[in-house]
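# Fold and contact review
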Amino acid sequence: MSSYTSYIRRLLATIGITALAIGLFMLLWQLSYVLLLIFGGILFCVFLIGLASILQRWLPLPHWGAVMIVTAVVLGLLVLAGYLAGPAIMEQLLQLREQISGSIKQLEAYLKDKEWGGALLQWVQGKWQHAPLSPSKLMGEVTGVFSTLFGSLADLFVIFFIGFYLALHPRLYMNGLLFLFPSDNRARIKEVVHSIYYALKLWLIGRATSMVVVGLLTALGLWLIGMKLIIALAFLAGLLSFVPFIGPIAALIPAVLVALLNTPTQAVYVLVVYAVVQVLESNVITPFVQKKAVSLPPAIMLSGQLLMGTMFGIHGLALSTPFVVSIIVTVQVLYVRDVLKEKIQPLGH
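Residues numbered from 1 in each chain as written. Predicted model: local features only at pLDDT ≥ 70, side-chain atom pairs only at ≥ 80, totals over all residues. Heavy atoms only, no water.

The next point concerns the overall build of the chain. When its secondary structure is counted, the chain shows 14 helices and zero strands. Reading the chain from its N end, one meets helices and strands in the order α-α-α-α-α-α-α-α-α-α-α-α-α-α. Across the 349 residues that make up the chain, the buried fraction comes to 36%. Partitioning the contacts of the chain with sequence separation of at least 6, the portion at a separation of at least 24 is 69%. Summing over all exposed atoms, the chain offers an accessible surface of approximately 20800 Å²; the carbon and sulfur share of this is 72%. (Helix = DSSP H or I, 4+ residues; strand = E, 2+ residues; numbered from the N terminus. Buried < 20%, exposed > 50% of the residue type's maximum accessible area, 1.4 Å probe, protein only. Contact = heavy atoms within 4.5 Å. Areas by Shrake-Rupley, 256 points an atom, 1.4 Å probe, with all protein chains shown as cover.)

What follows is the structure, given as structure tokens:
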């Protein structure tokens, strides 16, 4: 009888733990959008603290003072850039959106006139329409990227203020996080947080450098081939390069569609320009930057992008790589080091 009672207790405990785990997962799933915004705020916090630490090397400032100065400078530069280049970028982005729509209609009309083109269109609609990241949905993301970037101002404000307040008093929030864990584990959790911070900081340095260089090289290449809407296309190329692999492909699609409105030859030139820029970015810029930055194996990076993009859409896709970096550092410190007792250096060290 006692063994039966013990079995029932274990069974009920297992059911309870499983139900709790499922409930927690469902809660996190419902709050996934909010959690992504919080993670975006943490990433912006890393950016501000990294700049503030550089400033403190040169000036004897308290941490909060350095963060205030860095934030003011960043906002000032954004306002100045918006004032000087904002109208031209917005005008060209609107023109780009119109030209993309016209080019897509022109391409569809061309394919419908061909027997093989009609079959291809039917196959695409039948096979790819319901895929999580199908080309049609990817094109929808590309054509809707303008509203996502410039229409979600509330999200940007939330990310900004979360990052700003975290960067202003990081010890306050760090102590609050550590109090959630037993006292014996707090030192290790603090080490994990610091390791994630260093990895994300170095990753941001690498991405920011690549974004600027890709944007400038794309603008130069498009200017050399006489392409229109250079500012918008180069801005888009630099911005989308924040997402490795998928970002450059998404930036290439509107450029090719716009070029097709002129001549197929110019579309070929656009492909050559983007291919050359990506070769330079992959073989010259990235290796040079990654001497001090964080790099991930391509398979892991792509897997993270597909998973996050499928689950959370464009927001998850944008934050997939830094999120994967954070997960890898956590696993390296808490599992590979502590459990497997392997002597490895986490990312960023």
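Here we come to the environment of Ala-52. Topologically, Ala-52 is positioned in helix H2 (residues 32-58). Separated by 15 residues in sequence, Ala-52 and Val-67 have C-alpha atoms that sit 5.3 Å apart. Ignoring any residue separated from it by four or fewer positions in sequence, one finds Ala-52 in contact with Ala-66, Val-67 and Val-70.

For the structure shown, the criterion picks out nine aromatic pairs. Here the aromatic rings of Phe-39 and Phe-323 are separated by 5.7 Å at their centres, their planes lie at 80°, and the arrangement is edge-to-face. In this pair, Phe-39 sits in helix H2 while Phe-323 sits in helix H14 (residues 320-337), placing the two residues 284 residues apart along the sequence. Relative accessible area serves as the criterion here: at 12%, Phe-39 is assigned to the buried category. On the numbers, 6.3 Å between centres and 25° between planes, the contact of Phe-161 with Tyr-165 is stacked. In this pair, Phe-161 and Tyr-165 are both assigned in helix H7 (residues 153-168), four residues apart and thus about one turn of the helix distant. Assessed through its relative accessible area of 43%, Tyr-165 is described here as partly exposed. Taken together, Phe-44, Phe-47, Phe-160, Phe-161, Phe-164 and Tyr-165 form an aromatic cluster joined through their ring pairs. (Phe/Tyr/Trp six-rings, centres within 6.5 Å; stacked < 30°, edge-to-face > 60°.)

Attention now moves to the pattern of salt bridges. One pass over the full model with this rule turns up three salt bridges. Note that Arg-337 is salt-bridged to Glu-191, the shortest N-O span being 3.4 Å. Residue Arg-337 is found in helix H14, and its partner Glu-191 is found in helix H9 (residues 186-224); the two are separated by 146 residues along the sequence. Under the relative-accessibility criterion, Arg-337 is labelled partly exposed at 22%. Each of Arg-188, Glu-191 and Arg-337 takes part in one network of salt bridges that share partners. (Salt bridge = Lys/Arg side-chain N within 4 Å of Asp/Glu carboxyl O.)

Moving on, we get to the side chain of Ser-241. By the element assignment, Ser-241 lies in the loop between helix H10 (230-240) and helix H11 (246-260). In this structure, Ser-241 is in contact with Arg-207, Ser-210, Met-211 and Val-214, ignoring residues within four places of it in sequence.

For the chain, per-residue confidence averages 79 on the pLDDT scale, and 80% of positions sit at 70 or higher. When the elements of the chain are averaged for pLDDT, helix H5 (residues 135-143) gives the smallest value, 47, and helix H8 (residues 170-178) the largest, 90. Under a pLDDT of 50 for its full length, residues 131-146 has, in the predicted model, 27 contacts with residues more than four places off or in other chains. (pLDDT = per-residue confidence, 0-100.)

As a further point, take the packing of H9 against H14. Two elements in contact, H9 and H14, have axes whose closest approach is 9 Å; the angle formed by their N-to-C orientations is 145°. Note on packing geometry: the crossing formed by H9 with H14 is right-handed. Of the residues in H14, those in contact with Arg-188, Glu-191, Val-192, Ser-195, Ile-196, Ala-199, Leu-200 and Trp-203 of H9 are Thr-321, Pro-322, Val-325, Ser-326, Val-329, Thr-330, Val-333, Leu-334 and Arg-337. Looking at the contact of H9 with H14 residue by residue, the classes come out as ten nonpolar, four polar and three charged. (Axes fitted to C-alpha atoms, helices over the stretch in contact; angles between N-to-C directions. Left-handed = near helix turned anticlockwise from the far one by under 90°. Nonpolar A, V, L, I, M, F, W, Y, C, P; charged D, E, K, R; others polar.)

Let us look at the nonpolar core. One finds Leu-296, Val-325, Val-329 and Leu-347 to be the most contacted residues of the largest nonpolar core, which totals 40 residues. Counting only elements with at least two residues in this core, the list comes to H2, helix H3 (63-113), H7, H9, helix H13 (298-318) and H14. Take this core: its biggest share by element is ten residues, from H2. Beyond its immediate stretch of four places on either side in the chain, Val-329 contacts Ser-195, Ile-196, Ala-199, Pro-346 and Leu-347. Counting 25 residues, the second-largest nonpolar core is a separate cluster that includes Leu-93, Ile-100, Leu-240 and Val-273. (Core = buried A, V, L, I, M, F, W, Y, C linked by side-chain atoms within 4.5 Å.)

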